[in-house]
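Architecture and fold: a report
Now for the letters of each chain:
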Amino acid sequence: MNKPSTTPQQPQDVAQRLREGMARGVLSFPLTSMDSDGSLDLKSYRSYLTAQLATEPGAVFPACGTGEFFSLDEEEYRAVVRVTVEVADGRLPVVVGTGYGWAQSLRFARIAEEEGADALLVLPHYLVDAGQDGLVEQLRRLSAGTRLPLIAYQRGQVTFNARSLRRIAEIPTVIGLKDGHSDLDRLQRLTLAAPEDFLFFNGASTAEIQARAYATVGVPAYSSAVHAFAPEIAAAFFTALREQDDTAVDRLLREFYVPLVELRDRAPGYAVSLVKAAARLRGLPVGPVRAPLTDPGPDDVADLEKVLNAGLDLVSAARHRA
């Protein structure tokens, strides 16, 4: 394995690697493996992550929302980053989550830097609403405290306007924006306000549902929670979308993605816990979620299995036709 680099790459080099990866495949947001008692299970995580990266996603984003960043302490976070960097071994960019207020974000950022991460995804800050000046200042303070490139994430209480987008794009280490609001009017204004080389990607929950709509405003790249448990389905959708095979896209949306979203919407936290339940149905060693999230009950798991099998059957049938 390659040792983590003590000299992070230049922001423009990381941005170019991400741009190339985003054109090649979905962005992987792996789950974090836990034991039955809720403790971190690094051996299982390494096994799970190795299988995930073998499917060649465009980049890997450990310890983010799907990876339960919010439930990891600093040493657990360090361990997850270290294992991810080792398994990735320089083959694809490793973009690690950081969050809370800027002071705590910097503690996580410096850990990620020490362990050889390539960049940081700045998750929405904790609890309070903030004005545009504060959102910009948060990124400025993070940029001043770490050499790693930053990708801002607007979701929840974080929303940038066009003027603020231009301001954060002037921060040398801010290279992109992940959008989870799905407000395409606002997003179009942001893409038009940004420099030509600024990265954007679709970070909506179950992003495939809106992938075509995002592409119409110049944001074709997206993250995929489905990749965390069914990379073959995620890859089939990505390929169909890229090849403008509307029949295949519609079939996957109608028979798999929409039923999955309807199931996800049954309970708070299912955007993560349902993904972990689906991974366990596939025999993947991810374990349970940590509180305050809760694992789905047996009825929802049974329905999830039906949805999952429908998606896998679609992919299998398409391969046979090919």
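Residues numbered from 1 in each chain as written. Predicted model: local features only at pLDDT ≥ 70, side-chain atom pairs only at ≥ 80, totals over all residues. Heavy atoms only, no water.

Our next topic: the layout of surface pockets. Of the voids in this model, the largest pocket is the one considered here, and its volume is about 880 Å³. What lines the largest pocket is a set of 39 residues, among which Gly 65, Thr 66, Phe 70, Arg 155 and Val 272 lie closest to the centre. At the level of secondary structure, the elements contributing two or more residues to the lining of the largest pocket comprise strand E8 (223–224), helix H10 (246–264) and helix H11 (270–281). Top contributing element to the lining of the largest pocket by residue count: H11, with five residues. The volume enclosed by the second largest pocket comes to roughly 510 Å³. (1 Å grid on protein atoms, 1.4 Å probe; cavity = no way out; pocket = protein on both sides within 12 Å on 5 of 7 lines; lining within 4 Å. Points joined across faces, edges and corners; volume = space filled by probe spheres on them. Helix = DSSP H or I, 4+ residues; strand = E, 2+ residues; numbered from the N terminus.)

Inspection of every chain in the model, using the stated rule, returns 12 aromatic pairs. Taking 5.9 Å as the distance between ring centres and 75° as the angle between the ring planes, the aromatic pair formed by Phe 69 and Tyr 77 counts as edge-to-face. On the basis of relative accessible area, Phe 69 is assigned to the buried category, the value being 4%. By relative accessible area, which is 0% here, Tyr 77 ends up buried. Each ring, one from Phe 198 and one from Phe 200, has its centre 5.5 Å from the other, and the planes form 65°; the classification is edge-to-face. Its relative accessible area of 11% is what places Phe 200 among the buried residues. One aromatic cluster is present, built from ring pairs that chain together Tyr 222, Phe 237, Phe 238, Phe 256 and Tyr 257. (Phe/Tyr/Trp six-rings, centres within 6.5 Å; stacked < 30°, edge-to-face > 60°. Buried < 20%, exposed > 50% of the residue type's maximum accessible area, 1.4 Å probe, protein only.)

Taken in spatial order, the five strands line up as E3-E4-E5-E6-E7 in an open sheet, and their pairing is parallel. Lying at the two open borders of the sheet, with one neighbouring strand each, are strand E3 (95–98) and strand E7 (199–202). Strand-to-strand twist of the sheet, defined as the mean angle between neighbouring strand axes without regard to direction, takes the value 25°. As paired elements, strand E5 (residues 150–154) and strand E6 (residues 174–179) share five bridges and run parallel to each other. Counterpart to Gln 154 in the pairing with E6 is Asp 179. Running over the sheet, helix H4 (residues 102–114) touches E3 and strand E4 (119–122) and is turned about 160° from E3. Each of E5, E6 and E7 is contacted by helix H7 (residues 184–193), which is oriented at about 160° to E7, the strand it contacts most. (Pairing = 2+ DSSP bridges. Axes fitted to C-alpha atoms, helices over the stretch in contact; angles between N-to-C directions. Contact = heavy atoms within 4.5 Å.)

Here we come to the sheet that holds E8. The strand order across the open sheet built from three strands is E2-E1-E8, with neighbouring strands paired in parallel fashion. Looking along the sheet, the strands with just one partner apiece sit at the ends: strand E2 (59–60) and E8. Examined bridge by bridge, strand E1 (residues 27–28) and E8 share two bridges and lie parallel to one another. Among the inter-strand pairings, Ser 28 is bridged to a residue of E8, identified as Ser 224.

Once that is clear, we can look at the pairing of E6. Burial analysis of E6 places six of its six residues in the buried class, the great majority of the element. With helix H6 (residues 162–169) bridging E5 and the parallel E6, this β-α-β connection has right-handed handedness. Pairing analysis gives four bridges linking E6 to E7, with the strands arranged parallel. Each bridged residue has a counterpart across the sheet, and for Asp 179 the counterpart in E7 is Asn 202. Tracing the backbone out of E6, into H7 and back to the parallel element E7 gives a crossover that is right-handed. (Right-handed = clockwise from strand over helix to strand, strands pointing away.)

Moving on, we get to a nonpolar patch on the surface. A cluster of nonpolar residues, Tyr 126, Leu 127 and Val 128, forms a patch on the protein surface that exposes about 370 Å² of accessible area. Residue placement: Leu 127 occurs in the loop between E4 and helix H5 (132–145). (Patch = residues over 30% accessible without salt bridge, like charges linked within 9 Å, V, L, I, M, F, W, Y side chains within 5 Å. Areas by Shrake-Rupley, 256 points an atom, 1.4 Å probe, with all protein chains shown as cover. Salt bridge = Lys/Arg side-chain N within 4 Å of Asp/Glu carboxyl O.)

A few words on the pattern of salt bridges. Scanning the model with the defined rule gives 20 salt bridges in all. Between Arg 189 and Asp 185 there is a salt bridge, with the nearest N and O atoms lying 2.9 Å from each other. Here Arg 189 and its partner Asp 185 are both found in helix H7, four residues apart, which amounts to about one turn of the helix. A residue is classified by how much of its surface remains accessible, and Arg 189, at 54% relative accessible area, is exposed. Because the salt bridges share partners, they merge into one network encompassing Glu 75, Arg 78, Arg 82, Glu 114 and Glu 115.

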